[in-house]
Amino acid sequence: MVNLHCCNYLVTDTFDVEVKLYHWHHVCVSLHLSINRVVIVHDDIFLERELGGGERLKVRGGGRLVMGQDIDSLEGSGSIRQAMHGDVADFVLYPQALDSDVLRSYVKCGQLETEKVEPILSFDTKMTIFKVLGSTTVSKINLDKVCHQKLDTKIMITEKLNFQSSYKLCSKLKGRLTVPKTDEENTKIFNDFIKFNDLCVDSYGTLYWLGIKGDLDSGQWLVLPEKKPLGWSKLASGYDTVKPSQQCASVGGSDFPLDWFATPCDYLTCPLCTFLHTPKFRVRGLCSQSIIDQTLYLRDYKNGKVQFHGPYYTMIEWDLQNMTWKLASRRDEDLNGYIMLERPGEMPVGVHTWVISGDNCLATKSQLPL
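About the criteria used
- Every chain is numbered on its own, with residues counted from 1 as its sequence reads.
- It should be noted that, the model being predicted, local features are given only for residues of pLDDT at least 70 and side-chain atom pairs only at 80 or more, the latter also being counted only at that level, while totals for whole chains, interfaces and linings use all residues.
- Side-chain figures throughout are based on the complete set of non-hydrogen atoms in the structure, without hydrogens or water.
- Here the nonpolar core consists of buried residues drawn from Ala, Val, Leu, Ile, Met, Phe, Trp, Tyr and Cys, with membership extended through side-chain atoms lying within 4.5 Å.
- When a residue's accessible area, from a 1.4 Å probe over protein chains only, is under 20% of the maximum for its type it is buried; when over 50% it is exposed; and in between it is partly exposed.
- Helix and strand assignments come from DSSP, with helices taken as H or I runs of at least 4 residues and strands as E runs of at least 2, each series counted from the N terminus.
- By definition, residues are in contact when any of their heavy atoms lie within 4.5 Å.
- Within this analysis, the arc is defined by the directions that extend from the helix axis to the C-beta atoms.
- What qualifies as a polar contact is a pair of N or O atoms within 3.5 Å, subject to a donor-acceptor requirement within protein and to the restriction that residues adjacent in sequence count only when both atoms come from side chains.
- Points on a 1 Å grid, built from protein atoms alone, make a cavity when a 1.4 Å probe fits but cannot get out and make a pocket when they are open with protein on both sides within 12 Å along at least 5 of 7 lines; residues with an atom within 4 Å of a point are the lining residues.
- Grid points are joined across faces, edges and corners, and a volume is the space filled by probe spheres set on the points.
- Lys, Arg, Asp and Glu make up the charged group, whereas Ala, Val, Leu, Ile, Met, Phe, Trp, Tyr, Cys and Pro make up the nonpolar group; the residues left over, Gly among them, are polar.

As recorded in an unreviewed UniProt entry, the chain goes by C-type lectin domain-containing protein and comes from Petrolisthes cinctipes.

Student: Explain the nonpolar core to me, please; I cannot follow it from the model alone.
Tutor: Inside soluble globular proteins, nonpolar side chains tend to come together where they are buried. Core analysis: the largest hydrophobic core is formed by 35 residues, its most contacted members being Ile 157, Leu 173, Leu 298, Val 306, Phe 308, Ile 316 and Met 347. At the level of secondary structure, the elements contributing two or more residues to this core comprise α3 (163–172), β15 (272–275), β17 (295–302), β18 (305–309), β19 (314–319), β20 (324–329) and β22 (351–357). Broken down by element, the residue count for this core peaks at three residues, all from α3. In this view, Phe 308 contacts Phe 281, Leu 296, Tyr 297, Leu 298, Thr 314, Met 315, Ile 316, Met 347, Pro 348, Val 349 and Leu 370; residues no more than four positions away in its chain are not counted. Counting residues in hydrophobic clusters, the runner-up holds 21 residues, among them Phe 193, Leu 207, Leu 210 and Cys 270.

Student: Which parts of the structure should I look at to understand α3?
Tutor: For an α-helix, the turn length of 3.6 residues means that residues three or four places apart are oriented alike. Along α3, the residues classified as buried are Phe 163, Ser 166, Leu 169 and Cys 170. The arc that holds every buried residue of α3, seen down its axis, measures 130°, which confines them to one face. Those residues of α3 hidden inside the fold are in contact with β9 (176–177), β10 (206–214), β13 (248–252) and β15. Put simply, Asn 162 is the residue that caps the front of α3, since its side-chain oxygen is 3.3 Å from the backbone nitrogen of Gln 164. Lys 174, located one to two residues past α3, shows a positive phi value of around 70°.

Student: Help me understand empty space enclosed by the protein, please; the structure alone is not making it clear to me.
Tutor: Empty space among the atoms can be located by rolling a probe the size of a water molecule over them. With the rule as written, the count across this model stands at two cavities of 30 Å³ or more. Roughly 60 Å³ of volume is contained in the largest cavity. Every residue lining the largest cavity is listed: Val 283, Ile 292, Leu 296, Ile 316, Leu 327, Trp 354, Leu 368, Pro 369 and Leu 370. Its residues placed into classes, the lining of the largest cavity shows nine nonpolar, no polar and no charged. In this model, the second largest cavity occupies a volume close to 50 Å³. Taken together, Met 156, Ile 157, Thr 158, Glu 159, Lys 305, Val 306, Trp 325, Gly 345 and Met 347 make up the lining of the second largest cavity. Here the lining of the second largest cavity is composed, by residue class, of five nonpolar, two polar and two charged.

In structure tokens:
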């Protein structure tokens, strides 16, 4: 939903648009006060309305622009309950209404042809125009990641596991071991995940397991779980043959980039899981008064391991100091928890004993299925 308020509340309007979690949206708003018209372009949706009222409208000066935080007065301070939890990749504010064609071009990641109209405000490389406050991080992102929505999600589990354990873990997380289908995809995956080289590469020199296995009878490499013959591959010469001692395959790390190698299945390297959507898990065993999010998403990394984020305030991440998974809240500082791990390095998925403090209903030690 987009709410529009302007001109001492002489202009108020609401536009219904779909907002997807973990999905880049592209939005332009054009307010043409001289002809009482507003245009909103949201991804592929084009909305246009007359403002009504008939009187000449204008934007008063002397205020301030605040992004990602609702405030109730010019002097008002921020509140996490009224803050945006997300990412903003670009922002441009112009002193005049732009043509519809320009707006459509912008949401398609085209060039802003504005006939030399200079923006009043915009993001610059070092974010020198805006003052960044609160729990906010400034980083760079490639235009390609913002403009081309991924059809799937890939997540590296930075634990060295054998092939069978890796296959089972990806399945447990509702995904599958990755198999690149083109040279371009193979290169992109390598570039995205080579940052985990030191955490994943062992004596064999490979970075992650492939979701294929060799069939000893036919000598073919089969894609799991369907067991369909492998199409495109990057199997290196001399390491492309199915053997009893090398019935699995993995992708080379920094010393052997991009090539695939027939690999002993008991070798240890990292699982790279592919998901059709951002993996979602439900936290069961919570009462209605609990302040823990009932849904968690597998997303991002911290301290060399994946993170789980709730749609509101809860997060689960790896605690380097105590070597276990900890639970915390961006809103409620008194909410804390950690898993009593049965095995070093295990994921916080499934039934685990959590030690929780600061929740409204959970006992100190609780069995929580995730």
